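Coordinate analysis (summary)
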Amino acid sequence: MGAASITLVHSPLVGPGTWRAVSRRLEARGRAAPMPKVDLDGLDAPFDVAIAGGVAAQLDRAPTVLVVHSAAGSLVPALANRLDLTAVLFVDAILPTPGRSWFDTAPPSLQEHLRNLAQDGFLPPWPAWFGEAVMSRLLPYAPLREAFEADCPPLPLTWFEAPTSAEPLPPGLPAAYLRLSEGYDEEAEAARRLGWPVAREDLHHLALLTHPDRIAGRLVEMADALAAA
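Notes on the structure follow. Keep in mind it's a predicted model, so treat the numbers as computed, not measured.

Criteria and thresholds
Residues numbered from 1 in each chain as written. Predicted model: local features only at pLDDT ≥ 70, side-chain atom pairs only at ≥ 80, totals over all residues. Heavy atoms only, no water. 1 Å grid on protein atoms, 1.4 Å probe; cavity = no way out; pocket = protein on both sides within 12 Å on 5 of 7 lines; lining within 4 Å. Points joined across faces, edges and corners; volume = space filled by probe spheres on them. Helix = DSSP H or I, 4+ residues; strand = E, 2+ residues; numbered from the N terminus. Nonpolar A, V, L, I, M, F, W, Y, C, P; charged D, E, K, R; others polar. Phe/Tyr/Trp six-rings, centres within 6.5 Å; stacked < 30°, edge-to-face > 60°. Buried < 20%, exposed > 50% of the residue type's maximum accessible area, 1.4 Å probe, protein only.

1. Comments concerning the layout of surface pockets
- Taken as a whole, the largest pocket encloses approximately 760 Å³ of empty space.
- Lining the largest pocket are 22 residues, with Ile-94, Trp-102, Leu-110, Gly-183 and Tyr-184 sitting closest to its centre.
- Among the elements of the structure, helix H4 (102–105), helix H6 (132–138) and helix H9 (185–193) are those that each provide at least two residues to the lining of the largest pocket.
- Grouping the constituent residues of the lining of the largest pocket by class yields 14 nonpolar, six polar and two charged.
- Here the second largest pocket is characterised by a volume of approximately 280 Å³.
- Taken together, 17 residues make up the lining of the second largest pocket; nearest its centre are Asp-39, Leu-40, Asp-41, Pro-153 and Pro-154.

Here is the structure:
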């Protein structure tokens, strides 16, 4: 039997294209790497359950390694209860906080900033939170940056306000953490305290777009290490 596929789940705050280049590199290495789309449009809370149902409907039931980026980390318990997972890899991702909202875990200054940006119950697309200078630093190649920004939707404020379901992370599910940026040092340390393997790359939060070969190599290495443990 061949190695399990590697399912790449993007943050609900950005678009599915975040993983496209990594998926291609994984497939070039002989690993199936589906990229289900996460779409908040028309969903009701608890969003993690609704999203998990939509993701599961896009995939077959074969065993897979789940890889989540950024805010997709909050979806892992709901996904794990609807997919046949062999392991989960968190990539610069938040860890699950069952029964709590995104705002419950965000710094007060960021909460205030986002509420000030909201209009008619929606936040502007994620890149607009940070401005052109920050986005140009993260994605200096203009065509890549423009394609990423065009893929990011407006976001319902309710996503940030509504608690996730109380589903816990299934016990015994092998997990590991790949830290890409300093902003996720605390999450990586929390993963280490849980006893998970933690790998570090000194890149940036959107390195999936700018360093896909390096990220794909790390994912294969970490997935295979978990399978062999």
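2. Overview of empty space enclosed by the protein
- A complete count under the given rule lists two cavities of 30 Å³ or more for this structure.
- Estimated volume of the largest cavity: approximately 110 Å³.
- Elements represented by at least two residues in the lining of the largest cavity include exactly helix H2 (47–57) and H4.
- Partitioned by chemical class, the residues of the lining of the largest cavity number seven nonpolar, five polar and two charged.
- As a volume, the second largest cavity reaches approximately 50 Å³.
- Looking at the second largest cavity, the residues that line it are Ser-11, Leu-13, Val-14, His-69, Ser-70, Trp-126, His-205 and Leu-206.
- Among the residues forming the lining of the second largest cavity, the class breakdown is four nonpolar, four polar and no charged.

3. Side note on the packing of aromatic side chains
- Under the defined criterion, the tally for this structure stands at eleven aromatic pairs.
- Residues Trp-126 and Phe-130 carry aromatic rings whose centres are separated by 4.8 Å and whose planes lie at 65 degrees to one another, so their mutual orientation is edge-to-face.
- Overall, the relative accessible area of 38% leaves Phe-130 in the partly exposed class.
- For the pair Trp-126 and Phe-148, a centre-to-centre distance of 6.1 Å together with 85 degrees between the ring planes defines the contact as edge-to-face. Taken together, the residues span a long stretch of sequence, with Trp-126 in the loop between strand E4 (122–123) and H6 and Phe-148 in helix H7 (residues 142–150) at a distance of 22 residues.
- Residue class for Phe-148 comes out buried when judged on its relative accessible area of 4%.

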